[in-house]
Each structure stands twice: as C-alpha cells, then as structure tokens.
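Architecture and fold: a report
Residue strings, one per chain:
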Amino acid sequence: MDDTPVKDLTEKEAARALAQLAMDITFHNARYHGEDDPAISDAAFDALVRRNEAIETRFPHLIRKDSPSRQVGAKASSKFAKVQHRVRMLSLGNAFNEEDVTEFLARIRRFLKADEDTQIALMAEPKIDGLSISLRYEDGALVQAATRGDGSEGEDVTANIRTIEEIPQTLVGDVPAVCEIRGEIYMSKADFTALNERQIAEEKSAFANPRNAAAGSLRQLDPSITASRPLKFFAYAWGDMSALPFAAHSEALEWLENLGFPTNPLSKRCNSVADLLSVYKHIEIVRGELEYDIDGVVYKVDDLALQDRLGFVAKAPRWAIAHKFPAEKAITVLLGIDIQVGRTGALTPVAKLEPVTVGGVVVSNATLHNEDEIARKDVRIGDHVRIQRAGDVIPQVIEPLLEKRPKGAQPFEYPTHCPVCGSEAVREDGEVVRRCTGGLICNAQVVERLKHFVSRRAFDIEGLGSKHIAAFHEDGLVQSPADIFRIKVQRGALDGKEGWGDQSIDNLISAIEERRTIALDRFLFGLGIRHVGEVTARDLAKAFETLGAIEDIARSEGGAEALSDVDGIGTVVAEAIVAFFHEPQNRAVVDDLRSELTIEPYKNEQTGSTFEGQTLVFTGSLEQLSRAEAKSQAEKLGAKVSGSVSSKTSLVIAGPGAGSKLKKAEELGVEVIDEEEWIRRTAGSLN
C-alpha cells in the first residue's frame, strides 16, 4: 500500500490510490467473507479501509461508484441459492482507541442536538469473531437462514442451520408473524482444537482459526458435514419484523433470551463513555479465558427511537460502532531471517522464531515487512522479540527487547542479489520493496512470467493456457520462453500424456508456429519488464522501431534519460527497462528468443486522420461502444488515449456519469464531445 500521507496526495495520485484501494479491499473482502480464507490481517485490512475513507474525505468528488465505503461484505457464493435481505445486513464503523469512542458519543450528541447533561444509554457487548447469519421465522417456524453476503444478498444455508442445536426450530409464545433474528455462528476454542486434531489425523487440511472453521463448516453443500461440526450461536439483533415487542436494545436481548436464543452474558447497559471503556477493559482482561474468540466490543445506542432518528451513513449505522482490541502479543527468540522471493520478484523478509503460542495458535514464522522495517527496529538474529498476531491472523515482529540482546549480535545485512537466481535485486526510488531483476530466469518467478508471455495480449498462443504452462514447466519441457518454440522437437514427450492426443498436439504445434513472427510491441509486452504494459510497449516500439535499437539505448550511457524522453515513458519505467537489459541472464533470454523468432520492426504508418498525434480521454459510460473498442478506434486513427485530463489533452469524449475528468476538461478549456459526435467524426476515417 502506498504510504504517502493523504494530505500530500495530488488529485491524480488520490484518484489512482482510490482505484487501487477499491480493487484491494474488494479482493480481501471476497477472501474473508466469500472464501473464509483471509489473505491479510484484520489490522492490515482496517488500515486499507481507513486510508480509503481519509482520501475520500479530502477528495469527495473522487468517490467511486465501486467505493468500498458503499460496500458490505462480499458477493454470495454461486454454490448456494441466493437470498435477498428484506432489511440490509450492514457492517459497523470502527474505533481503535478511547478518543475514537469519545468522538463517537460526541457525534451522536451533535446529531441529536443533545447537551452534555442529557443522558444517552448505550449497550456494550462482545464482538464475536464468527459468521453473521439471519434467521427468518414465519408464524413461529424457521423457514429460511441466510449468510450476510454483500449485505443485500446472502446465501441460503437453511438446511445447514437446522443442524445447530442452539438455534430453535420453532418460537413458542407471543411472537410477531414475521420475525427475523440475527446473530453470529461461531466455534469454541476447545471444539476448534479438537476439530483440527481430527482433520490432521484424517490427513485433511487444518483450519487457521475458529472463525474460518465456523464459516467453512456452515458453508458446506452437504448438511451432514455441518451437523458433524460443533457450531454455536449468539443472537444479538433483528431484521425484518412485522412488529417490535421491545423499545430498547437491552429489552430485545432479554426478549431473545426468553425465546430460547443464546445471548452473550457479558453484554451490559452503560450511561457514559467511562462506563463503555470500563466494560471494554474488563472484557479485554477476560478475553483469553473466554471459550470463544472475540475481536472487540460493540457499542449501540439502547433506545430504538433514538436509533431511528440517528439512522445510517453509507454502509453503517450512526448509532453503533465496534471498538477493536489491539492484537495479541508474546515474546520469543528470533532464530534467523529468511528472504522469500515472490512471483513478482519482491524480496520479503520472514522471521524464523522459536515456536510460541499466541491467541491459541502456535507461531514459528512472522513477517518483518521489508528492509526499512528491519533497520528501523534494529532487529538482529538471536534477539528476544515481541510479536503479535495482527487481527489474530498474520504474526508480525513488533520490536526487539534490547535488554536481552546477546553479545556480538550484528545488524542484519539485506541482500542486494536474489537468493534464488543470483540476479541483482534493485529498489526503485519511492519503493519500500527490493525486487529481483531475474524475471524469466528466476525460478521463483518463472511460471508466472511464462503465463504472462503466452497471455492473450502478448503472444496469444491458442491452446496454450496457464495450466498447460504450469504442467510443462513441472515436467521440464518449458523452462524459458524460447523452449515453447522447441516443443515441436520434443513432441514425443507429450505423447501419452493425459489430454494430449495426436490431433491436440498437432493443433498446439501449429498455433506455436503461427507465432514465430511477432510484432515488436507484443514481444516487448510478453517479456514482462516491470512497468512495461501494452501502451508502454507500443510507445517504445513507435519510438525506436526495432528491438536492437531499444536494447542499444537501454545499455548505453545515459540510457534511462534517453528512454524517459519518449512521450509516455517516465523515469521509473525507463530505469526498469535499463535494469532489465543490464542483466546478462535477461539478455540471454532475449537472444534465445531471437534465434527462434522473427520480430517485426514497428511500422509508423501515417493515417492522415484529423486525430493523428492528438491525446484523447474517454470518460463516463459509453453506450454504443465498449471502452476497448473506442480506444482501439482512436489508436487506429493515430491518436493516443490517456487516462487523465491535462493541458496536453486534445479532446475529451464524455458519456453519462462523467465526473472529475469532465470538470477538469472544462476548467482547462479542452474541447468536450459526446459519444454520438465521436462516432460521427470518425465514421469516414474508419471505413
């Protein structure tokens, strides 16, 4: 995540950051809510959300339609029937310290125009770390159960819910005709440990934590599997109700308990911030003794009439907030620091630890983030270190205990070469990550690089997809890109392999042979040079026309400066190109490909159109053309398509929903036309 302070972001940087955050948060939401397999810690996810909110607060006109601030959870899985929630299941805003809690109550007072003497009662209750569920009863009978999903649409898990003993199948007494009860499915710590022991004994994968175990157990297609898992339930809210038999949240909890639903005994009514924080501190102290996992305390305005007045903002109620706990911590010994190389070449330091139990999980590895963090914390091998499981998922090293540092412990020297392939590991200006420049010759990266090489916008070899590349590499058939063009010689190695008959082998070889002649820009894009996408590859090809010319420039003195003179290529991209051709291993890969291919020089054709040499921007929704079609048209006419409006922009084509780009064009006096006019102007030129 870019750590530039929000106050220092330009509008362009803010827009780019919001786009990236929208993708990242959506991805992590899907991993957590949809797949029950979080990729980052709760704390790291919360940091992404807070940064998104801060940028949107500073640049409200840049708020995206797909902004995470408008989303809840993740889309329902296609494995289950969908359920539309009649009353949305919303998420909560977060508080991380006492000041946040004080401000939460102050906001409520300001909204209600209540003075300091007006008492506002609130409920404080543990935030259970499980899976949110909605139970719909009609005339007292359980008729449907659904997960939260994205808040509007969840998954129908009725059959699975019926296997949980703590959930009543019928409600006895005077209950509304329609009664939707909401709460949390969870698994106790003891049951979680027993389940994992059983999984391991049966040679199955163990669950990472009780929350994942609960979610995975409930979201089974076979209800008998759910029935075999010890799931439990806490009720704490309601949704669609034909009548409300209570006027306060505290009364609702009592009502739920009387109906036979388990409610949390630690819930307590409070009359001040001091009371809330007292409950929080008590629950934090007893947290380790509880039979279930919690990750904070939820505060809610008790009076339902006040809740109605306060209403909602974006995806959360104004009348409730979750006060998160700090991550659990422990102390152990740092035995070593391993450097792992990711599929993009990033070098990541991993602490090897004396095993220690943190939050019920045995931890032997922890992240050290990057070389700056190691230097800043001055972490040394042999140190006693304090670690924490941030959000109870991913362990991290907080600090060394200097008073216990062994004599002679030396500062860690971060490698400047890849530990996998030996290539130079470089760190670009402004980056916190050091990356291997080995690319296609680095075993840590090669499979992903080969997949990119054959992708649709690169070599686009029909019948040679990602799974084939991975299999060919594992079998030793393809270790480098040029090996793809030698498969014909190794045809015998494919005979008899599952899925490969004579006809399919012939088709594959034919498709490969068709790509022995390749356009320069596709070739450059296929190499996977860092920062060189399709547009940049085309810009390079246009500027230098041949691969030899590009390589000569890149290897010459002042090559980065010469490359950055090309329109559309900045300093960072230029330096990445120089770094690629600086490595002998990369040049060997290119030379090997030269021996197999004909790389066509780029032909700069003059179109003679009125758009030639112009910079165009498409914004808003296009109704007759796809964005890709419009871009392709513009490039055929000799124009360049940009993603942002500047003084260099020649023309903006704006559709419905155009926002900040349209406003910027009007401020700069750039000509703006609609899609109909674009089609009219280009009709003759494209025929």
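Presented here is a report on the structure given in the accompanying data block. Treat the numbers as computed from the prediction; the structure is a model and nothing was measured.

Turning to helix α8 (residues 249-258), a few remarks are in order. Considered for burial, the residues of α8 that qualify are His249, Ala252, Leu253, Trp255 and Leu256. Here the buried residues of α8 occupy an arc of 160° about the axis, which is enough to place them on one side. Turned more than 90 degrees off the buried face of α8, the exposed positions are Glu254, Glu257 and Asn258. If you follow the buried residues of α8, they end up packed against β3 (122-128), β7 (178-186), β8 (232-241), β10 (294-301) and α10 (304-310).

So, about the sheet that holds β10. Spatially, the five strands line up as an open sheet ordered β2-β13-β10-β3-β9, and their pairing is mixed. Edge positions in the open sheet fall to β2 (93-95) and β9 (268-270), since each of these has one partner strand only. The average angle at which neighbouring strand axes cross in this sheet is 35°, direction not considered. Examined bridge by bridge, β3 and β10 share six bridges and lie antiparallel to one another. Each bridged residue has a counterpart across the sheet, and for Glu125 the counterpart in β10 is Val298. Packing against the sheet, α8 makes contact with β3, β9 and β10, and its axis sits at approximately 50° to β3. The strands touched by helix α9 (residues 273-286) are β3, β9, β10 and β13 (320-324); relative to β10, the strand with the most contacts, the crossing angle is about 160°.

With that out of the way, let us pick up the sheet that holds strand β5 (residues 141-147). In spatial order, the strands read β5-β4-β7-β8; together these four strands make up an open sheet with antiparallel pairing. With partners counted over all chains shown, the strands left at the sheet margins are β5 and β8, one partner each. Across this sheet, the average inter-strand angle for adjacent strands is 30°, counted without regard to direction. Of the strand pairs in this sheet, strand β4 (residues 131-138) and β5 are connected by six bridges, and their pairing is antiparallel.

Here we take up the pairing of strand β25 (residues 651-654). What you see with β25 is no split at all: Leu651 and Ile653 on one side and Val652 and Ala654 on the other are buried throughout. Alignment of strand β23 (residues 615-619) against β25, held across four bridges, turns out to be parallel. The partner of Val617 across the bridge, within β25, is Val652. Taken together, β25, helix α23 (residues 660-668) and strand β26 (residues 671-673) form a β-α-β motif whose crossover is right-handed.

Per the counting criterion, the structure on display carries 17 aromatic pairs. Plain terms: the ring middles of Trp238 and Phe246 are 4.7 Å apart, the flat faces sit at 65° to each other, and that makes the pair edge-to-face. Note on Trp238: relative accessible area 19%, which makes it buried. Taking relative accessible area as the criterion, Phe246 reaches 7% and is therefore assigned buried. Grouped by ring-pair contacts, the aromatic residues Phe453, Phe459, Phe485 and Phe523 constitute a single cluster. Just above the ring of Phe96 sits the side chain of Arg50; from NZ or CZ to the centre is 4.3 Å.

Rules and cut-offs
Residues numbered from 1 in each chain as written. Predicted model: local features only at pLDDT ≥ 70, side-chain atom pairs only at ≥ 80, totals over all residues. Heavy atoms only, no water. Buried < 20%, exposed > 50% of the residue type's maximum accessible area, 1.4 Å probe, protein only. Helix = DSSP H or I, 4+ residues; strand = E, 2+ residues; numbered from the N terminus. Arc of directions from axis to C-beta. Contact = heavy atoms within 4.5 Å. Pairing = 2+ DSSP bridges. Axes fitted to C-alpha atoms, helices over the stretch in contact; angles between N-to-C directions. Right-handed = clockwise from strand over helix to strand, strands pointing away. Phe/Tyr/Trp six-rings, centres within 6.5 Å; stacked < 30°, edge-to-face > 60°. Lys NZ or Arg CZ within 6 Å of the ring centre and 35° of its normal.

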